[in-house]
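Survey of secondary and tertiary structure
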Amino acid sequence: MKKNWIAPLLIAVMFLLGQQPCSANGFVQPPAEAPSRSDSEPNPDLDSRELMYKDTMMLFLLPYIEKKMAEIYAPLLTITPTVYPYLVDVTDMKRVNGFRRFDFLITLNIHPTVGPHLSVGEDTMTFRITPGPKVKLESFKHLRDPRKSDLTPNYQNILR
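This report concerns the structure included in the present document.

What counts and how
Residues numbered from 1 in each chain as written. Predicted model: local features only at pLDDT ≥ 70, side-chain atom pairs only at ≥ 80, totals over all residues. Heavy atoms only, no water. Helix = DSSP H or I, 4+ residues; strand = E, 2+ residues; numbered from the N terminus. Buried < 20%, exposed > 50% of the residue type's maximum accessible area, 1.4 Å probe, protein only. Salt bridge = Lys/Arg side-chain N within 4 Å of Asp/Glu carboxyl O.

Next up on the list: the environment of Leu59. You can see Leu59 is positioned in helix α2 (residues 49-73). The class for Leu59 is exposed, based on a relative accessible area of 57%.

In structure tokens, the structure reads:
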């Protein structure tokens, strides 16, 4: 008679251990499986020194880029496009006068957008950065105009 409590206890323990976590109530979330990733693939969750330098440079150059974008796209669009630093690619960077001289040329490929990141063109700019710091736009090339087909119907009215 004294051993009658063992069977219900074992059943209760098995019942509790056998249940999967339930996320329906919002209290317990099932563990998310991490995607498998080979060692050769870069981890987008990790920052790198190179990426930090690039992002810092983009923040520094963004006012100069935006000023030129407003000028170039004024005859094409009724609004000024937005330039996001992560949509600017550094295509070339070099020292003008050799090692440890602080005179740089940096060439950027820029993808301006409107609204929910709708591309409205593509441009290339080369800036000269010298001590001071002084920033001068050395060259500019407009590669692609906005196209009606790239815009959603509610943004097509911004084309001139």
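Next comes the rest of the write-up.
What follows deals with unusual backbone geometry. The step from Gly132 to Pro133 runs through a cis peptide bond, and the omega angle for that step is -15°. Take Pro133: it is sitting in the loop between β5 (122-130) and β6 (134-144). A positive phi angle is found at Arg100, which is not glycine, with a value near 60°. Mapped onto the fold, Arg100 is located in the loop between β1 (88-95) and β2 (104-110).

Considering all chains together, one arrives at five salt bridges under this definition. Asp103 is paired through a salt bridge with Arg128; the nearest N and O atoms lie 2.8 Å apart. Linking Asp103 in the loop between β1 and β2 with Arg128 in strand β5, this pair joins segments that are 25 residues apart in sequence. Arg128 gets classed as partly exposed once you look at its relative accessible area, which sits at 26%. The residue Lys136 makes a salt bridge to Glu138 at a minimum N-O spacing of 3.9 Å. The exposure class of Lys136 is exposed, given its relative accessible area of 52%.

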